[in-house]
Every structure is written in C-alpha cells, then in structure tokens.
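So you can see what is in the structure, the chains are spelled out below.
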Amino acid sequence: MKFFIDTANPEEIRKAYDMGVIDGVTTNPTLISKEKRDFDSLIKEICGIIHNLPISLEVIGLKSEEMIQEARLLSQMGENIVIKVPMTPEGLKATKVLTSEGIKTNMTLVFSPTQALLAAKAGSTYISPFIGRLDDISQTGMELVGQIMTIMNNYGFESEVIVSSIRHPIHVLEAALIGADVATIPYKVIEQLMKHPLTDIGIERFLEDWKKVPKK
Ligand code: E4P
C-alpha cells in the first residue's frame, strides 16, 4: 500500500519523506489555509522536497470550465501535480477533459460506492473516499472502501483508491488488510504507527545491559 501524507506543512512532509515512508502528498483548501502562507511559494517548497512524487492540489471552481482552467494552471506548478476535483456532475465533466489532456486527477469528497464507480468511469487517476467523515456520522467508513475495492477489481478499473480522512492507526491497518491502493495519512498518525512501548522499553534495556559489558 502506498502512503501519501495528508498535509501542506513542509516540515511534516520533509520529516516523513526523510524516513522513506511516503509516496506522495495530498492537500486540500483547509490544509493549505492552516499554513497561512502565499500559495505559490508554499507549493514550490513542497515540490522541492518531494521530487517525482504526486502532489494533489484542489480546484476551487464549481463549474467544469473553471475547474479545467484552474487545473491547467495548477499542473504547471511542478512535476507530478495531481488535480483534486470534487465529486459532482461538473467535476466528472472536468475529469473527462483533464484525463484526455493527460492531466492526472483525484476525485475527492467521495462518500458512496456509486460515486466511486462514476469517478472510475470518467477516468479519474485516483478516487478518495473520506472514511473518517463517515465514521463521524455513525457510518462505518471502511465498509465503503471494501465496496469500492470490489468494484474496482470486478471490472479492472485503473483508478487507484486513496483511503482518505484517516484519523488513527486502525484506519491504516484496516485499509492495508482490505488491499486499498493508497492511504493518505496525517503526520500525527504516521508517528502513531511507528510507536510501540515495548520497542522503547527494549531499547532502554539493551542500553542498560550494554553498560555491563566489559570494555577495553
Ligand atoms: C484527502 O485527500 C483529504 O485531504 C483529507 O483526508 C480530509 O480529511 P479530514 O476529513 O480529516 O479533513
């Protein structure tokens, strides 16, 4: 399973990239706004950190013509820019055009298996079901991922499924067990994934015991 990092914070991206655990970055307008920085310079900095890995940037326009125009500009900001398009009829229209132009897309705000099916048919490179937001309203988000993966495999669609809106390590584990293509993960959850109290205790014990080894 690929790991994308779900943030627009250059420090977090650098830390995860240096550990060798990320395969791409996803952002959205909320994550961008948290950085309180000029958009162009922020994206330039992110592109400079992760060469050759996909970076999802979201369009703001609601009409397909606006989305397409924005996407063309955004895709010039760096190599491997992926355009995040909302799951609407206009978003589907834009996806069809962008795909025909060779621009990679990520259909975002997907909350049902039939929305994912439409995104795949329109040719979206990635499809992002938001599981945490479904959990928030008492629906099991991970069931949606299972359904979408079944549909993708039934018909051999090429779209990759990005498990999105991840809130904790169990989400990542379940996504991997289902066989999702990608999980986009906040930095805090990446840290949680690597933590284990027995690892810390083990290191401490080894260091203590090493002190008892006679040395010249
Ligand atoms: C995905 O691409 C989105 O940026 C993200 O996962 C949304 O997560 P949230 O529901 O925690 O805002």
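Rules and cut-offs
- Position numbers for residues count from 1 along each chain, tracking the sequence in the order it is written.
- Given that the model is predicted, a residue must reach a pLDDT of at least 70 before its local features are reported, and side-chain atom pairs must reach 80 or more before they are shown or counted; all residues, however, enter totals for whole chains, interfaces and linings.
- Side-chain measures were taken over the full set of non-hydrogen atoms in the model, leaving aside hydrogen atoms and water.
- Here a strand pair is declared whenever DSSP counts at least two bridges between the two strands.
- Secondary structure counts use DSSP, requiring at least four H or I residues in a row for a helix and at least two E residues in a row for a strand, with both numbered from the N terminus.
- Every angle, taken between N-to-C directions, lies between 0 and 180 degrees, and every axis is a line fitted to C-alpha atoms, over only the stretch in contact when it is a helix.
- A 1.4 Å probe rolled over the protein chains alone gives each residue an accessible area, and that area as a share of the maximum for its type sets the label: buried under 20%, exposed over 50%, partly exposed in between.
- A clockwise path from the first strand over the helix to the second, with the strands pointing away from the viewer, defines a right-handed crossover.
- For this description, a residue counts as near a given molecule or strand if any of its non-hydrogen atoms is within 4 Å of it.
- The definition of a polar contact used here is a pair of N or O atoms within 3.5 Å, where within protein one atom must be able to donate a hydrogen and the other to accept one, and adjacent residues in sequence count solely through side-chain atom pairs.
- All accessibility values rest on the Shrake-Rupley procedure with a 1.4 Å probe; residue burial counts only the protein chains present in the view.

Q: How do you make sense of the sheet that holds strand S7 (residues 160–163) when you look at a structure like this?
A: The strands that make up a sheet are held in pairs by hydrogen bonds between backbone atoms, and each pair lies either parallel or antiparallel. On the basis of which strands lie adjacent, the closed barrel formed by 8 strands has the order S1-S2-S3-S4-S5-S6-S7-S8 and parallel pairing. Here the average twist between neighbouring strands, direction ignored, is 30 degrees.

Q: Is there a simple way to think about the pairing of strand S6 (residues 126–129) in this case?
A: The side chains of a regular strand alternate between the sheet's two faces. Alternating positions in S6 separate into two faces, Tyr126 and Ser128 on one and Ile127 and Pro129 on the other, with burial throughout. When strand S5 (residues 105–110) meets S6, the two strands line up parallel, connected through 3 bridges. By the bridge assignment, Met107 is partnered in S6 with Ile127. Note on the crossover from S5 through helix H6 (residues 113–122) to S6: the handedness is right-handed. The pairing of S6 with S7 spans 2 bridges and is classified as parallel. Opposite Tyr126, over in S7, you have Glu160 as the bridge partner.

Q: What is the right way to read the site of the ligand from this model?
A: Neighbouring the ligand are the residues Asp6, Thr26, Asn28, Lys84, Phe130, Arg133, Ser164, Ser165 and Arg167. A distance of 2.5 Å separates an oxygen atom of the ligand from a polar atom in the side chain of Lys84. Between the ligand and Arg133, the relevant distance is 2.7 Å, taken from an oxygen atom to a side-chain nitrogen or oxygen of the residue. Expressed as a share of its isolated accessible area of 340 Å², the protein-covered part of the ligand is 85%.

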